[in-house]
Amino acid sequence: MAGKIPFACSFAQFVTSKTLEQLRMAVCYQQLNVKIVGSHGGLSVGADGATAEALEEFTHMRSLPHMTVIAPCDALEAKKAAIACAEYPGPVFLRL
């Protein structure tokens, strides 16, 4: 609210599921310019194990009011998407 653009980053499973209520109430309803970045999306998380796998985060984030969801397909798109996120006014979920 002070003009900064916060980027909160963690595993997609944890940054969406464990924080859903706070995102809904504190970020989305107020349409704050907060960017949520979730890594390890999908089933290929390697040694991090099954608890880090994320599939339902799309459903969680798309259900939030005013939330924009972006899922780039490779490193080049991810770089461009991160820049676009910073320029976009409002809450964004960037899934990596």
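These numbers come from a predicted model, not from an experiment.

Draft legend 1. Quick look at the sheet that holds strand 4 (residues 92-95). Taken in spatial order, the 4 strands make up an open sheet running 1-2-4-3, and their pairing is parallel. Lying at the two open borders of the sheet, with one neighbouring strand each, are strand 1 (7-11) and strand 3 (68-70). Neighbour-to-neighbour, the strand axes of the sheet open up by a mean angle of 20°, direction not taken into account. Where strand 2 (residues 35-39) meets strand 4, 4 bridges bridge the pair, whose relative direction is parallel. What sits directly across from Gly38, in strand 4, is Arg95.

Draft legend 2. Structural context of unusual backbone geometry. Non-glycine residue Gln31 carries a positive phi angle of around 55°. With respect to the secondary-structure elements, Gln31 resides in the loop between helix 2 (20-28) and strand 2. In this structure, His66 is a non-glycine residue whose phi angle is positive, near 70°. Along the chain, His66 turns up in the loop between helix 3 (57-62) and strand 3.

Conventions we followed
- Residues numbered from 1 in each chain as written.
- Predicted model: local features only at pLDDT ≥ 70, side-chain atom pairs only at ≥ 80, totals over all residues.
- Heavy atoms only, no water.
- Pairing = 2+ DSSP bridges.
- Helix = DSSP H or I, 4+ residues; strand = E, 2+ residues; numbered from the N terminus.
- Axes fitted to C-alpha atoms, helices over the stretch in contact; angles between N-to-C directions.

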